[in-house]
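# Observations on chain architecture
Single-letter residue listing:
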Amino acid sequence: MTRKELVHEVLYMAEDITKKFKPVDGSCLYMSAILAAMISDNLSVEPKFVTGSLSVAGSKVFSHQPIKPALNQKSGLIAQWDGHSWVEVDDLIFDLSIFRTVFSEVATPRIQSLFETRFDRGTAYLIGQKSTLIEMGIEYTPLELLSDDDATIFIQNADRLGLINSYQSI
């Protein structure tokens, strides 16, 4: 599969997910899990479902706190988790939730302005080559690789929490 074909296919998936996922901030784990599962199930590439930190112009937007320990507990620690999640395939970053959080009421004006200088407010998701993003001052640092089983937990929780409006392909 060529890079162009990969991006085209993932764009279709991203549109499908973002249309059906309720517009809530803090949904990175759930949306990334769904995207990783769709890529794994439908394409001949190996996605990486990761958590880590995100910096823009040298400022931390999201720190990283490991999520795996919280998966083994039955409490609501995930709601208090400090981190970010996205999907990587080779040197491509697929981040479906970043703008939902950055342009929401929970983000500070300073963080919003860091993104507004680089993207339109109406941008739905971020797909980019890691080196190009770094040139733009956007640095994703993967620190934890999540498994298919971890993705399944997040997909089931997204459904249980009512975050997915309808999840049959259009």
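Above this note sits the structure.
What this report covers is the structure whose coordinates are included nearby. A quick note: this is a predicted structure, and the numbers were derived from the prediction, not measured.

## Some points on the pattern of salt bridges
In this structure the tally under the stated criterion is 4 salt bridges. One salt bridge connects Lys20 with Asp16, and the closest N-O pair in it is separated by 2.9 Å. Within this pair, Lys20 and its partner Asp16 are both found in helix H1 (residues 3-20), separated by 4 residues, close to a single helical turn. The pair Lys20 / Asp16 is uniform in exposure class, with both members buried. Across the pair Lys130 and Glu88 runs a salt bridge whose closest N-O atoms are separated by 3.4 Å. Here Lys130, found in helix H6 (residues 130-135), pairs with Glu88, found in strand E3 (residues 84-89); they are 42 residues apart in sequence, far enough to count as distant. Its relative accessible area of 25% is what places Lys130 among the partly exposed residues.

Rules behind the numbers
- Residues numbered from 1 in each chain as written.
- Predicted model: local features only at pLDDT ≥ 70, side-chain atom pairs only at ≥ 80, totals over all residues.
- Heavy atoms only, no water.
- Salt bridge = Lys/Arg side-chain N within 4 Å of Asp/Glu carboxyl O.
- Helix = DSSP H or I, 4+ residues; strand = E, 2+ residues; numbered from the N terminus.
- Buried < 20%, exposed > 50% of the residue type's maximum accessible area, 1.4 Å probe, protein only.

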